[in-house]
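Listed below are the residues making up each chain.
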Amino acid sequence: MNERDPDRAVSHTVRAQLALRDLILSGRLRPGERISELQAVETTGVSRTPVRMALVRLEEEGLLEAIPSGGFMVKAFTERDILDSIELRGVLEGLAARFAAERGVSARDLEPLKESLAELDQLVTRDAVSEEAFSSYVAMNARFHALLTELSRSAPLIRQIDRASALPFASPSAFVMAQSVLPEAHQILIIAQDHHRIVVDAIENREGARAEAVMREHARLAARNLRLALRNRTHLDLLPALALIRSPVTE
């Protein structure tokens, strides 16, 4: 076997995984719909071995469920499933912020996070935020969270945060686009940016408990966005994956 073959297999697995995930989250594959290995091969144009690995990874992410008779089924979620996933991410990101604060971060290492904060400030402080601006916010927000996580200098923790963020709807920007058409949209962005500002200050001042508490509270904004999105499904085109969510949880 050529020594580059394993790398090629990984590349094909990732390609198949991304393609299948897009089919699910775009609503083209519906909850309860069966997807076989052969069907996935035809859909993605990738051979059976990497497709098989991709399907297993999507099962690990929680988007698919294995069927005893063979193949996989697109999974549906309750609101509670998603709230638990968001809470888990918040706990882990809170720990990352605590580690960063307590272990100490140099001014040089903190600079990229401050630059990211400044970029977000320019967007959030506009009087009106367009749908296009929300799209930009998704990328900026993802970068901010990634930079913050890296400051923990904990490889095991970073891996767990990546896993938690891959859970359905658990990423920091999961509901941002659905939020963009809501009356509360700009207000929520301002609150989120205030959280960002406070956690940077807490890390800089080595206030571990404060940094952790802010990031846990920050994650709960995603839970608020979820409830708002579920109450207002008029603009389902902005988040077709809402169709994967079953009836809201009873509080």
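Residues numbered from 1 in each chain as written. Predicted model: local features only at pLDDT ≥ 70, side-chain atom pairs only at ≥ 80, totals over all residues. Heavy atoms only, no water.

S.K.: What exactly am I supposed to notice about the pattern of salt bridges here?
M.R.: It is possible for side chains bearing opposite charge to pair when their charged atoms get close. Enumeration according to the criterion identifies 15 salt bridges in this entry. The closest approach of N and O atoms between Arg-98 and Glu-212, which form a salt bridge, is 2.5 Å. In this pair, Arg-98 is assigned in helix H4 (residues 79-103) and Glu-212 in helix H10 (residues 208-231), connecting sequence segments 114 residues apart. Owing to a relative accessible area of 23%, Arg-98 belongs among the partly exposed residues under this scheme. Given the relative accessible area of 17%, Glu-212 is considered buried. One salt bridge connects Arg-197 with Asp-121, and the closest N-O pair in it is separated by 2.6 Å. Of this pair, Arg-197 sits in helix H9 (residues 185-204) while Asp-121 sits in helix H5 (residues 107-124), and the two are 76 residues apart along the sequence. (Salt bridge = Lys/Arg side-chain N within 4 Å of Asp/Glu carboxyl O. Helix = DSSP H or I, 4+ residues; strand = E, 2+ residues; numbered from the N terminus. Buried < 20%, exposed > 50% of the residue type's maximum accessible area, 1.4 Å probe, protein only.)

S.K.: For this particular structure, what's the right way to read the packing of H9 against H10?
M.R.: Angle between the axes and distance between the axes: these two values describe a pair of packed helices. Where H9 meets H10, the axes come as close as 9 Å, and the angle between the chain directions of the two elements is 165°. Of the possible angle classes, the one that applies to H9 and H10 is roughly antiparallel. The way H9 lies across H10 gives a crossing that is left-handed. Contacts from Gln-187, Ile-188, Ile-191, Ala-192, His-195, His-196, Ile-198, Val-199, Asp-201, Ala-202 and Ile-203 of H9 reach H10 at Arg-210, Ala-211, Val-214, Met-215, Glu-217, His-218, Leu-221, Arg-224, Asn-225 and Leu-228. (Axes fitted to C-alpha atoms, helices over the stretch in contact; angles between N-to-C directions. Parallel < 35°, antiparallel > 145°, perpendicular 65-115°, else oblique. Left-handed = near helix turned anticlockwise from the far one by under 90°. Contact = heavy atoms within 4.5 Å.)

S.K.: Mind showing me how you'd approach the sheet that holds strand E3 (residues 72-74) here?
M.R.: Spatially, E1-E3-E2 is the arrangement adopted by the 3 strands of the open sheet, whose pairing is antiparallel. Every interior strand has two partners, whereas the edge strands, strand E1 (34-35) and strand E2 (64-66), have only one. Bridging between E2 and E3 involves 3 bridges; their strand directions are antiparallel. By the bridge assignment, Glu-65 is partnered in E3 with Met-73. Against the sheet, helix H3 (residues 48-61) makes contact with E2 and E3, and its axis sits at roughly 110° relative to E2, the strand it touches most. (Pairing = 2+ DSSP bridges.)

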